[in-house]
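Letter by letter, the chains look like this.
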Amino acid sequence: MRTPSAGSSSQRSSYHRSSEYLDSADLDSGEYGLGGPMLPFFLNDLRRGDQKDFVEVTLEIDDDSIVVCGVTPSAGEEPRGSGAGNGFFSRSSSVTSRIRRKFPWLRSSSSRSMSSAVEEPTISARDARKMQARLDRTRSSAQRALKGLRFISKTTDTVDTTELWKTVESRFDSIATDGLLSRDEFAECIGMVDSKEFAVGIFDALARRKHQNIERITKEEFYDFWLQISDQSFDARLQIFFDIVDSNVDGKITREEVQELITLSASANKLSKLKEQAEEYAALIMEELDPENFGYIELWQLEALLLQRDNYMNYSRPLSTASVGWSQTIAVKPKNVVRRISSTLRSRIQENWQQAWIILLWFLILAGLFAWKFVQYRRRAVFHVMGYCVTTAKGAAETLKLNMALILLPVCRNTLTWLRSTKARFLVPFDDNINFHKMIAFGILIGIILHAGNHIACDFPRLISSSPSNYQLISSDFGKDKPSYGSLISGVEGLTGVAMLVLMAIAFTLATHRFRKNGDKLPPPLNRLTGFNAFWYSHHLFALVYILLVVHGYCLFLVHKWYLKTTWMYISAPLLLYLGERTLRTFRSGYYPVTILKVAVLPGNVLSLIMSKPQGFRYKSGQYIFLQCPKISPFEWHPFSITSAPGDDHLSVHIRTIGDWTQELKRVFTETGNAPTVIGRAKFGARGRIEQKGLPRLLVDGPYGAPAQDYANYDVLLLVGLGIGATPFISILKDMLSNTRLAEDQTDSNTDTSRSDDSLNSFGSTATSSNSKKKSQRTTHAHFYWVTREPGSFEWFKGAMNEVAEMDQKGIIEMHYYLTSVYEEGDARSTLLTMVQALNHAKHGVDIVSGTRVRTHFARPNWKEVFGKIAAKHPYSTVGVFYCGFPGLAKELKRLSQEMGQRTSTRFEFHKEYF
């Protein structure tokens with residue numbers, strides 16, 4: 001048989017197929033029927049007796065018709081004499097006429113010139129769609145659809161089948177009993193442990209093929225099953241998918257069976273909400289595939305749905321001004337080795353120069369102080385008794401004084417928030433204040449080891465074992481009688497030093513990541529030593545440490561003049577600044593009384609609090625506040641990102657109740673009789689003043705600066721939030737749209753004024769317009785990626801996201817949801833859900849998972865592809881990458897920001913939000 005060849009025209013194509021022909025008796029028998037979709041089968045079976053003559057049937061296919069252009073001998077056919085040749089052509093001519101009689105809806109090329117008064121018979125709409133589906137199959141690549149129908153895993157297509165079978169076989173040997181694998185164990189054996197119902201459906205479908213109703217299979221039968229589900233053929237996988245619900249093996253699927261398959265897929269992906277709406281979505285599938293309302297669909301219809309998957313997906317996400325340009329070529333920088341190295345170096349310098357000069361300056365100052373004291377004591381008489389032990393200890397002591405002063409500065413939040421709004425932000429990386437705080441703490445740890453270690457293990461032993469003559473050199477510092485080791489430790493200097501050592505050891509240990517995040521599961525009551533509370537209270541031990549430090553610095557062994565006792569000089573200014581900030585926080589929290597407008601308990605253990613906005617309370621999008629509930633603890637303050645926009649008349653926060661304080665906060669608000677508690681979604685518009693009597697008091701302190709507050713300094717934004725980490729970006733999205741709309745209103749107002757005023761007023765209007773343009777925001781586009789494991793998470797900001805979608809008329813913001821708990825797009829367990837999702841979004845404009853206009857993707861984003869698309873769409877732009885979530889992904893995003901900045905003309909700057 002000859003393969004079809006496409007015509008040159010985009011509107012038409014010629015379909016050539018050689019077939020053995022039938023005689024008139026066969027044709028007229030009616031065996032093949034008159035349906036258009038049967039034409040390929042009719043031509044395929046054109047034969048008469050044992051003759052082996054071939055003809056070439058040339059068809060011209062239009063969008064709504066098929067034209068018989070002619071029937072000629074097959075190429076390469078040897079004539080058998082003139083008589084035979086004439087007989088052959090006569091038979092060919094008769095075949096042409098018989099084809100046209102058999103399929104009267106086919107037109108010849110000459111029929112187009114006939115009068116339109118002759119009415120031509122037509123085929124049914126279902127048969128026409130069936131033929132079109134088969135023709136589309138010949139033009140499309142089944143490999144593309146094959147990627148959307150995997151039964152095992154995404155590695156099935158790449159891993160050697162022999163090695164894969166060995167793994168499955170060993171699993172069979174360990175699970176099977178007496179060489180037989182039960183139906184319920186089939187899921188575990190093929191790797192579908194989390195989708196047992198779906199695996200059982202596959203088992204039953206494969207068993208029905210053998211016309212068996214079995215509960216257990218042998219290894220040979222299991223191997224046969226394995227070959228079928230790991231088959232690389234799209235037709236084989238499609239047939240299995242179809243057979244899962246075709247329980248009566250009649251080749252038809254009813255709406256009830258489609259509903260059963262949707263329920264099975266929803267159950268495998270733990271989407272309870274979809275299971276409840278399975279009947280509605282089954283009706284949607286039937287409406288799309290069975291418009292004639294026959295009540296069933298066949299295999300070819302399901303095949304057409306999968307083959308046109310990309311079309312449905314694109315139709316469900318129409319292009320907007322914000323999504324045009326994805327296909328642009330990435331502007332790649334030159335690949336010259338020297339230029340690439342230079343570009344890499346320049347990129348690294350641009351990315352880290354602020355941190356680099358701060359750390360370098362800090363290190364040089366510490367080195368200078370250490371060297372100064374080291375040389376100073378190297379020239380004193382005490383060096384002849386204690387040696388380099390005393391010089392090292394005193395040098396380390398000087399660095400400790402500076403570090404104990406500097407460590408307070410990164411936690412002066414009010415000062416940092418103010419400095420963020422000044423030009424100092426171009427020189428100092430205020431976003432890394434916590435990292436610098438940790439770095440200084442590490443420097444303090446090194447200083448303690450050198451200072452205390454040399455005193456305890458080296459200085460004191462050498463002092464008490466020194467000769468009388470050597471001791472006379474330092475007797476003025478230690479007294480006439482040589483001290484003992486015990487007296488040195490029990491003195492004021494020794495006791496204060498040991499006490500500081502113990503207190504800082506406790507604070508440092510409980511501040512480590514493992515203790516702070518409850519990584520060490522200790523038995524009661526030791527488990528109280530872990531978690532945020534332990535970190536919070538242990539850090540307050542530093543109040544005693546600073547008191548002891550002043551006493552320790554004043555009672556020195558080798559220094560007697562007060563102006564040489566410099567400890568208080570180092571720490572006085574930073575300590576007063578920090579104490580002033582804490583005092584301001586105390587007074588300000590009482591100055592900002594808030595009224596609870598609404599409390600909502602959302603899916604995923606999230607508490608939404610909507611509060612009145614205190615008078616004079618101003619903040620920027622991306623900033624955060626501290627909350628205190630005196631009923632829980634009069635000392636604990638906890639930070640939470642603000643989710644309301646600066647232009648809103650209220651404050652809102654979303655709190656994930658995973659710690660002891662947040663869980664207690666949820667309890668005191670939800671169990672209070674007068675609490676305005678709502679179970680479900682928080683609608684920002686549905687709030688009101690409620691009776692405050694009986695509600696716990698809530699104090700607010702802030703706002704405080706965060707990296708995201710500087711989003712307006714970038715041309716384009718890439719906002720990435722993991723779970724509750726999306727909170728700081730909700731405010732930014734709303735604020736962006738509000739600013740854009742305000743700028744447009746100002747532009748329209750200035751234009752109207754310039755047209756109506758005289759020349760003098762026009763000049764003033766032009767100046768005003770120019771000033772407004774200077775103040776207009778720099779950011780033009782934003783790409784928001786929200787990745788979460790729980791479908792209920794999308795309920796947290798459902799109202800806000802719909803509001804953003806309604807306001808965004810120009811496509812400034814692109815929003816992408818990713819649900820990682822659902823099997824990735826391409827897995828057979830999510831294939832039908834993906835199609836239902838696309839159909840529902842195309843028809844109703846609402847996503848079936850999130851309930852918003854934003855379509856939800858399954859599995860994790862391909863971040864390299866995301867960065868590449870943004871670089872292609874926004875060449876020669878500066879992209880601010882803001883991330884809020886767990887540290888693991890932060891490293892990958894930072895690496896990609898640096899790599900894409902080197903490879904493309906787009907500059908990416910990465911910032912990590914507090915989480």
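Below or above, wherever it landed, is the structure these notes cover. Note that the structure is predicted; figures quoted are calculated from it, not measured.

**Notes on the overall build of the protein**
In step 1: Helix and strand counts for the protein stand at 35 helices and 21 strands.
In step 2: Buried positions account for 48% of the 915 residues belonging to the protein.
In step 3: When contacts within the protein are restricted to residue pairs at least 6 apart in sequence, long-range pairs at least 24 apart make up 74% of them.
In step 4: Element-wise, carbon and sulfur atoms account for 56% of the exposed surface of the protein, whose accessible area totals about 45,000 Å².

**Considerations on the sheet that holds strand β20 (residues 878-884)**
In step 1: The sheet built from six strands is open, its strands ordered β19-β18-β17-β16-β20-β21 with parallel pairing. For this open sheet the edge positions go to β19 (856-858) and β21 (907-912), each flanked by a neighbour on one side alone. Sheet twist, expressed as the mean angle between neighbouring strand axes with direction ignored, is 20 degrees.
In step 2: When strand β16 (residues 716-722) meets β20, the two strands line up parallel, connected through six bridges. Pairing of V720 across the sheet is with Y883, part of β20.
In step 3: Packing of helix α34 (residues 863-873) onto the sheet brings it into contact with β16, β17 (781-788), β18 (813-819), β20 and β21, and relative to β17 it is tilted by some 170 degrees.
In step 4: Contacting β16, β20 and β21, helix α35 (residues 887-903) runs over the sheet at an angle of about 160 degrees to β21.

**A few points about helix α13 (residues 278-289)**
The periodicity of an α-helix, 3.6 residues per turn, causes residues three or four positions apart to be oriented the same way.
In step 1: Here α13 spans 16 Å end to end across twelve residues, near enough to the 16 Å set by a 1.5 Å rise per residue.
In step 2: Regarding α13, the residues found buried are A278, Y281, A282, L284, I285, M286 and L289.

**Some words on the state of the cysteines**
In step 1: For the coordinates displayed, the defined rule picks out one disulfide.
In step 2: Note on cysteine connectivity: C389 is disulfide-linked to C458, with sulfurs 1.5 Å apart. Judged by the torsion about the S-S bond (40 degrees), the C389/C458 disulfide is right-handed. On the criterion of sequence distance, the pair formed by C389 in helix α18 (residues 388-406) and C458 in helix α20 (residues 433-464) is long-range, its members being 69 residues apart.
In step 3: When its relative accessible area of 10% is taken as the criterion, C389 is described as buried.

**What to know about unusual backbone geometry**
In step 1: Cis geometry marks the peptide bond from G702 to P703; its omega dihedral reads 5 degrees.
In step 2: Tracing the sequence through the fold places P703 in strand β15 (residues 699-704).
In step 3: Backbone geometry places N293, a non-glycine residue, at a positive phi of 65 degrees.
In step 4: Among the secondary structure elements, N293 is positioned in the loop between α13 and β8 (296-297).

**Brief notes about the packing of aromatic side chains**
In step 1: Per the stated rule, a full pass over the model turns up 33 aromatic pairs.
In step 2: Centre to centre, the rings of F508 and F542 are 6.2 Å apart; their planes meet at 35 degrees, and the pair counts as tilted. Of this pair, F508 sits in helix α24 (residues 492-510) while F542 sits in helix α27 (residues 542-554), placing them 34 residues apart in sequence.
In step 3: F542 gets classed as buried once you look at its relative accessible area, which sits at 14%.
In step 4: Taking 5.8 Å as the distance between ring centres and 80 degrees as the angle between the ring planes, the aromatic pair formed by Y714 and F882 counts as edge-to-face. Remark: F882 occurs in strand β20 and Y714 occurs in the loop between β15 and β16; sequence separation between them is 168 residues. No difference in accessibility class separates Y714 from F882, as the two residues are buried.

**Things to note about helix α26 (residues 532-539)**
In step 1: Here α26 has its buried residues at N533, A534, F535, W536 and S538.
In step 2: Contacts made by the buried residues of α26 are with α24, α25 (513-516), α27 and α29 (660-670).

**So, the pairing of strand β9 (residues 596-602)**
In step 1: In terms of burial, β9 is a largely internal element, seven of the seven residues being buried.
In step 2: Summarising the sheet, β9 and strand β10 (residues 606-612) pair through six bridges and their orientation is antiparallel. Counterpart to I596 in the pairing with β10 is M611.
In step 3: Once β9 ends, the chain turns through three residues before running back antiparallel as β10, passing G604 with a positive phi of about 80 degrees.

**So, the nonpolar core**
In step 1: In terms of nonpolar packing, the biggest core is built from 97 residues, with F222 and F784 touching the most fellow members.
In step 2: Ignoring sequence-local partners within four residues, the contact set of F222 consists of W165, V168, F172, L181, F186, C189, I190 and I217.

**Details of the pairing of β15**
In step 1: Within β15, six of the six residues are buried, which leaves the element mostly enclosed by the surrounding structure.
In step 2: Here strand β11 (residues 624-628) runs beside β15; their pairing, made up of four bridges, is antiparallel. If you follow Q628 over to β15, its bridge partner there is L699.

**Concerning the pattern of salt bridges**
In step 1: Scanning the entire structure with this criterion turns up 16 salt bridges.
In step 2: We note a salt bridge from K219 to D173, for which the minimum N-O separation is 2.9 Å. A residue pair is termed long-range when its members are at least 10 positions apart, and K219 in helix α9 (residues 219-229) and D173 in helix α6 (residues 161-175) qualify at 46 residues.
In step 3: R585 serves as the salt-bridge partner of D701, at 2.9 Å between the closest nitrogen and oxygen. A residue pair is termed long-range when its members are at least 10 positions apart, and D701 in strand β15 and R585 in helix α28 (residues 567-591) qualify at 116 residues.

**Focus on a nonpolar patch on the surface**
In step 1: A cluster of nonpolar side chains, contributed by L345, I349, W353, W357, L361, I365, F426 and L427, occupies part of the molecular surface with about 770 Å² of accessible area.
In step 2: For L427, a relative accessible area of 49% gives the class partly exposed.

**Quick word on the environment of T856**
In step 1: Structurally, T856 is set in strand β19.
In step 2: In this structure the C-alpha to C-alpha distance between T856 and P791, which are 65 residues apart in sequence, comes to 9.7 Å.
In step 3: Within the structure, the side chain of T856 is placed 2.7 Å from the side chain of D847, a separation counted as a polar contact.

**As for the sheet that holds strand β12 (residues 638-641)**
In step 1: Pairing in this open sheet of three strands is antiparallel, and the strands run β12-β11-β15 from one edge to the other. With one partner strand each, in any of the chains shown, β12 and β15 form the two edges of the open sheet. Between one strand axis and the next, the sheet turns through 30 degrees on average, direction left out of account.
In step 2: Judged from the four bridges that link them, β11 and β12 form a sheet pairing that is antiparallel. The partner of I625 across the bridge, within β12, is F640.

Procedures and definitions
Residues numbered from 1 in each chain as written. Predicted model: local features only at pLDDT ≥ 70, side-chain atom pairs only at ≥ 80, totals over all residues. Heavy atoms only, no water. Helix = DSSP H or I, 4+ residues; strand = E, 2+ residues; numbered from the N terminus. Buried < 20%, exposed > 50% of the residue type's maximum accessible area, 1.4 Å probe, protein only. Contact = heavy atoms within 4.5 Å. Areas by Shrake-Rupley, 256 points an atom, 1.4 Å probe, with all protein chains shown as cover. Pairing = 2+ DSSP bridges. Axes fitted to C-alpha atoms, helices over the stretch in contact; angles between N-to-C directions. Expected span 1.5 Å × (residues − 1). Disulfide = S-S within 2.5 Å. Phe/Tyr/Trp six-rings, centres within 6.5 Å; stacked < 30°, edge-to-face > 60°. Core = buried A, V, L, I, M, F, W, Y, C linked by side-chain atoms within 4.5 Å. Salt bridge = Lys/Arg side-chain N within 4 Å of Asp/Glu carboxyl O. Patch = residues over 30% accessible without salt bridge, like charges linked within 9 Å, V, L, I, M, F, W, Y side chains within 5 Å. Polar contact = N/O pair within 3.5 Å; in protein donor to acceptor, adjacent residues only side chain to side chain.

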